[in-house]
Amino acid sequence: MISEQTKRTFEQIVKAMTPEQRAVIQKHFENATEEQKIQMIEKIVSTYEANHREHEPDNTRVTAEANHSKDHQSTEEHKPSHGKRRLKKSVKNALWAIAAVIMLVIIGILGFSFKDKLFGTLESIPSETIATTSVETIQETTPSPTPTVTPTPEPTRIPLASDHPDLTGLTVVIDPGHQQTTDNEQELYASWLSATKPRCTSGTVGIVTGTPEYELTLDYSIIIADYLEQCGATVILTRDSNDVNISNQERAEIAVSNDADLFIRIHADAAGDSASSGVRVYIPDSGDFTDTSPEYAEQLSELIAEAEGLEVNDVRSTSLYTGLNYANTIRSFQISLGFLSNSDDEAVLMNEDNIRNVAEAISVFCEEFV
Ligand SMILES: [Zn+2]
């Protein structure tokens, strides 16, 4: 609960703000819980009072005058009083200090994820109005909280299993399926087919968490790539960020032009039937390896299924995937790790232990080709 006194002071502070300043506060209040709002209000008021005491020892006047003004609102509409002007002046000095405190408090309360929004707001405020003196005052009078800036986490490196394979000399290209933004411009399924499809889509999303497939596949691929490198392989990722535009044909061409021993595409599936579950492996139904690839695909599907504790759903030779068709002169496999349309599969795929198990399984598979 906020005391009446705090509430009144806060109202006065807000009243004396410019519309822009008010908008800043309002914006952050919209994103806060009730408890966070109370914390913010108390922090703003206590900072204001501390700041005010330091510069104007007779701060009690603010509330007294505010009440007084209220009683004479009708006359003051036409004739601003000295009191009101003084209130405005004294509040003005502290306003940017308060704005800065709000930033600190919100960073502390809502965490680092809020930072971008916050700085976006700051950038929209003319820089010359952010007085350095106010910021210094805050640092002197506000004991806490100190904003903590969380660095972007490095991908967790998986320690090598004691019986890890030696993949020295092997070149593996890994394609994290999809990308953040769908590109609907068309490209051929294959050079020998006339049908076309979008260059690249963003894929499916997890039925429970809403995690996009393009994010999941990148998370897996970065860790798998790191693991294979630790085993001695040369690994190339077709993308290392979600904000790219690389078509499926272009991804295949990256693998071919690097003369990859293995091209591994990481995907997840989705189906209308939420009961559909398990691992699928797709291979091209054309090209140089049609004799032996089905056997390897079978083996890969079993390794992945075992690693994840899921069943093998399907192993299929197909011309449906542009990224496989254009890479049919090298050994190409498309792994679908599970169904994001199935809540149990999704829970498995979201589990960090699963990434480690999949990385180990792929390293074991790669050993066949050293
Ligand atoms: Zn996919």
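All figures in this text were calculated on a predicted structure; none of them were measured in a lab.

What counts, and where the lines are drawn
- Residues numbered from 1 in each chain as written.
- Predicted model: local features only at pLDDT ≥ 70, side-chain atom pairs only at ≥ 80, totals over all residues.
- Helix = DSSP H or I, 4+ residues; strand = E, 2+ residues; numbered from the N terminus.
- Expected span 1.5 Å × (residues − 1).
- Buried ≥ 20, exposed ≤ 12 C-beta atoms within 10 Å, placed from the backbone.
- Contact = placed C-beta atoms within 7 Å.
- Pairing = 2+ DSSP bridges.

> Please clarify how helix α14 (residues 352-366) should be interpreted in this entry.
One turn of an α-helix holds 3.6 residues; hence residues three or four places apart share an orientation. Along its 15 residues, α14 runs 22 Å from first to last C-alpha, staying within 8% of the 21 Å computed at 1.5 Å per residue. Buried residues of α14: I355, V358, A359, E360, A361, I362, S363, F365 and C366, and no others. Where the residues of α14 are buried, they touch β1 (171-176), α9 (213-230), β5 (262-269), α11 (293-308) and β8 (332-339).

> How should α11 be read in this particular structure?
Over its 16 residues, α11 runs 22 Å from end to end, which matches the ideal 22 Å to within 8%, given 1.5 Å per residue. Within α11, burial applies to S293, A297, L300, S301, L303, I304, A305, A307 and E308. At its buried positions, α11 is contacted by β6 (279-284), β7 (312-318), β8, α13 (343-350) and α14. Positive phi appears at G309, one or two residues downstream of α11, with a value of about 75 degrees.

> Please explain the pairing of β6 as it appears in this structure.
Successive side chains on a regular strand alternate, one facing one side of the sheet and the next facing the other. In terms of burial, β6 is largely enclosed, as six of its six residues are buried. With burial as the criterion, each face of β6 is covered, one bearing V279, V281 and I283 and the other bearing R280, Y282 and P284. In terms of strand pairing, β6 meets β7 through six bridges, oriented parallel. The partner of V281 across the bridge, within β7, is V315. Relative to β8, β6 is paired through three bridges, and the arrangement is antiparallel. Considered in β8, the bridge of V281 is made with I335.

> Please clarify how the pairing of β1 should be interpreted in this entry.
When you tally the buried positions in β1, you get five out of six residues, the bulk of the element. Both β1 and strand β4 (residues 234-237) contribute to a ladder of four bridges, which runs parallel. By the bridge assignment for β4, V173 is matched with I236. Sheet topology places β1 next to β5; five bridges connect them, and they run parallel. If you follow D175 over to β5, its bridge partner there is R265.

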